[in-house]
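Below, each chain spelled out in residue letters.
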Amino acid sequence: QVQLVESGGGLVQAGGSLRLSCAASGRTFSSYAMGWFRQAPGKEREFVAAISWSGGDTYYADAVKGRFTISRDNAKNTVYLQTNSLKPEDTAVYYCAAGRGIVYLRSGYDYWGQGTQVTVSS
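Residues numbered from 1 in each chain as written. Predicted model: local features only at pLDDT ≥ 70, side-chain atom pairs only at ≥ 80, totals over all residues. Heavy atoms only, no water.

## Things to note about the sheet that holds strand E8 (residues 78–83)
1) Next: In space, the four strands of this open sheet follow the order E1-E3-E8-E7, with antiparallel pairing throughout. Since the sheet does not close on itself, it has two edges, and those belong to strand E1 (3–7) and strand E7 (68–73), each with one partner. Averaged over all pairs of adjacent strands, the angle between their axes in this sheet comes to 15°, without regard to strand direction.
2) Next: As paired strands, E7 and E8 are joined by six bridges and run antiparallel to one another. When the sheet's bridge partners are listed, Asp-73 is paired in E8 with Thr-78. (Pairing = 2+ DSSP bridges. Helix = DSSP H or I, 4+ residues; strand = E, 2+ residues; numbered from the N terminus. Axes fitted to C-alpha atoms, helices over the stretch in contact; angles between N-to-C directions.)

Set out below in structure tokens:
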């Protein structure tokens, strides 16, 4: 069992940055790939970024490539999402997830956090 708690969201102006964190409980954190998804009002939850259990492989959606960076610290049971050059279209609730399936798909994850709101003003 893994419990996930996101933090670090907030209101930021376009062009700004936020660092999202996801703290996990459970001794098996390091055995899971971790992902970030986001959901804007009226839209489907979409893949943002993922990182392998070791941190050696990372994956990004085209919309955030070059602006967002995912990382993890297995000693601290935490995964991060550094978001730079934020745009109004990045406004969404951001969720972290843990799983062992296909990292681009929601179905690839077994555990989800409650989400943290990111709002980017123009």
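## Some details on the nonpolar core
1) Next: Among the nonpolar cores identified, the biggest contains 37 residues, and Leu-4, Met-34, Trp-36, Val-48, Ile-70, Leu-81 and Tyr-94 are the most heavily contacted of them.
2) Next: Among the elements of the structure, strand E3 (18–25), strand E4 (33–39), strand E5 (46–51), E7, E8, strand E9 (92–99) and strand E11 (116–121) are those that each provide at least two residues to this core.
3) Next: Other than its neighbours up to four places away in sequence, Tyr-94 contacts Glu-6, Leu-20, Trp-36, Phe-37, Arg-38, Val-48, Phe-68, Leu-81, Gly-115, Thr-116 and Val-118. (Core = buried A, V, L, I, M, F, W, Y, C linked by side-chain atoms within 4.5 Å. Buried < 20%, exposed > 50% of the residue type's maximum accessible area, 1.4 Å probe, protein only. Contact = heavy atoms within 4.5 Å.)

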